[in-house]
Amino acid sequence: MNRNISIALALTTLSVAGCGKEATGQVAAVVNGEEITLQEINAELGSTAIPEGVDKKAVQQAALQRIVERRLLAQAARDDELDKTPDYLLRERQLRDALLVQLMGQRAERALKVPGQQEIDKFIADNPVMFGNRKQLIVDRIQFALPKNPDQLKALENDHSMDAVAARLQQMGIEFRRDNTQVDSAALGQQRLQQIQALPAGEPFVIPENGVVTVGVITGERAEPVSPANARPIAVQAIRNKQLTDTIQQRLKQSRAAAEIEYQPGFAPAANSPASASKK
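Residues numbered from 1 in each chain as written. Predicted model: local features only at pLDDT ≥ 70, side-chain atom pairs only at ≥ 80, totals over all residues. Heavy atoms only, no water.

## Some details on the sheet that holds strand β4 (residues 177–184)
Line of reasoning, step 1. The strand order across the open sheet built from 4 strands is β4-β3-β6-β5, with neighbouring strands paired in antiparallel fashion. Single-partner strands in this sheet number two, and they are β4 and β5 (205–209). When strand polarity is set aside, the average angle formed by the axes of neighbouring strands in this sheet is 35°.
Line of reasoning, step 2. Bridge count between β5 and strand β6 (residues 212–223): 5 bridges; the pairing is antiparallel. The residue of β6 that forms the bridge with E209 is V212.
Line of reasoning, step 3. Strand contacts of helix α6 (residues 162–172): β3 (135–145), β4 and β6, with the helix running at about 15° to β3, the strand carrying the most contacts.
Line of reasoning, step 4. Taken strand by strand, helix α8 (residues 190–197) contacts β3, β5 and β6, and its axis lies near 150° from that of β5. (Pairing = 2+ DSSP bridges. Helix = DSSP H or I, 4+ residues; strand = E, 2+ residues; numbered from the N terminus. Axes fitted to C-alpha atoms, helices over the stretch in contact; angles between N-to-C directions. Contact = heavy atoms within 4.5 Å.)

Here it is as structure tokens:
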């Protein structure tokens, strides 16, 4: 047989095989040759509880139609070559990284041990601001972006009122927002709340966290204790959350220690930050 004819027949066979996908078994639909599986439908529904008496098949069909419409629009976007643009490639990387971190967290969470009764009771006793002594705190608050030089925050040590802090920030040319808000004592945590309460009356506390600096004074409070019936489940979740955070942070520490990271001048982390350990 002529070699060119053989190649043509082989390509035709592959083309037919590709177009021969069928919506059967685990495949719920085929959209322009792309399969949508029952697993994708289940992922679309996630943990959504289907109310009693509702037709499960109808719910699945509705979920499938959402996927079909999304797939059609995605195919149309690829036809427009949007998947080759710099913006797409950047966001694809962001989403891929976020998904991998999320899956790592889910796997680590499945491996966590279930806390015992003594551990739960001890956690409740050690953290009364989360349970019996839980309060909603009224806070006069100032927030602003963490300065590139965190040492600038030391100037606030000489300011003993919120008005003095506001004046200092204006003098330093730092933009800020001031408002009154409610803060759950459980969110602050036992240690941090104790440190705030140990300050003289009216003395502002300063909390730099996640790139934002919060300065505030507690001006009022309202008791909002957690009932004993609800305390244990909340304690279990809090313990597991801490275990998960510790696990992820340990993995991050190991990865950072083994990494080689080169920064452009001006982008390196501060010398006293954890990230500076991997600076090259």
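## So, the side chain of Q243
Line of reasoning, step 1. Among the structural elements, Q243 can be located in helix α9 (residues 228–258).
Line of reasoning, step 2. Leave out the neighbours within four places in its chain, and Q243 touches L112, K113 and E119.

## A closer look at the packing of aromatic side chains
Line of reasoning, step 1. Applying the stated criterion across every chain yields a total of 1 aromatic pair.
Line of reasoning, step 2. Ring centres of F123 and F131 lie 6.2 Å apart, and the angle between their planes is 80°; this geometry places the pair in the edge-to-face category.
Line of reasoning, step 3. Overall, the relative accessible area of 17% leaves F123 in the buried class. (Phe/Tyr/Trp six-rings, centres within 6.5 Å; stacked < 30°, edge-to-face > 60°. Buried < 20%, exposed > 50% of the residue type's maximum accessible area, 1.4 Å probe, protein only.)

## Considering the pairing of strand β2 (residues 34–37)
Line of reasoning, step 1. As paired strands, strand β1 (residues 27–31) and β2 are joined by 4 bridges and run antiparallel to one another. When the sheet's bridge partners are listed, V31 is paired in β2 with E34.
Line of reasoning, step 2. Two successive antiparallel strands, β1 and β2, enclose a turn made up of 2 residues, where N32 displays a positive phi of approximately 50°.

## A short note on unusual backbone geometry
Line of reasoning, step 1. In this model, N32 sits at a positive phi of 50°, which is unusual for a non-glycine residue.
Line of reasoning, step 2. Inspection of the secondary structure assignment puts N32 in the loop between β1 and β2.
Line of reasoning, step 3. Residue N210 is not a glycine yet carries a positive backbone phi of 50°.
Line of reasoning, step 4. With respect to the secondary-structure elements, N210 resides in the loop between β5 and β6.
Line of reasoning, step 5. Accessibility expressed as a relative area gives 76% for N210, which makes it exposed.

## Considering the pattern of salt bridges
Line of reasoning, step 1. If you walk through the whole model with that rule in mind, you get 20 salt bridges.
Line of reasoning, step 2. When the shortest N-O distance is used, the salt bridge between D121 and R232 registers 2.5 Å. One end of the pair, D121, is in helix α5 (residues 117–126); the other, R232, is in helix α9, and 111 residues separate them in sequence.
Line of reasoning, step 3. With a relative accessible area of 40%, D121 lands in the partly exposed category.
Line of reasoning, step 4. Across the salt bridge formed by D184 and R134, the nearest N and O atoms sit 2.5 Å from each other. Of the two residues, D184 sits in strand β4 while R134 sits in the loop between α5 and β3, which places them 50 residues apart along the sequence. (Salt bridge = Lys/Arg side-chain N within 4 Å of Asp/Glu carboxyl O.)

## Overview of the packing of α5 against α9
Line of reasoning, step 1. Relative orientation of the contacting elements α5 and α9 amounts to 95°, with a least axis distance of 9 Å. Viewed along their axes, α5 and α9 adopt a mutual orientation that is roughly perpendicular. Listed contacts from α9 to Q117, E119, I120, D121, F123 and I124 of α5 are A231, R232, A235, V236, A238, I239 and Q243.
Line of reasoning, step 2. Among the residues forming the contact of α5 with α9, the class breakdown is 8 nonpolar, 2 polar and 3 charged. (Parallel < 35°, antiparallel > 145°, perpendicular 65-115°, else oblique. Nonpolar A, V, L, I, M, F, W, Y, C, P; charged D, E, K, R; others polar.)

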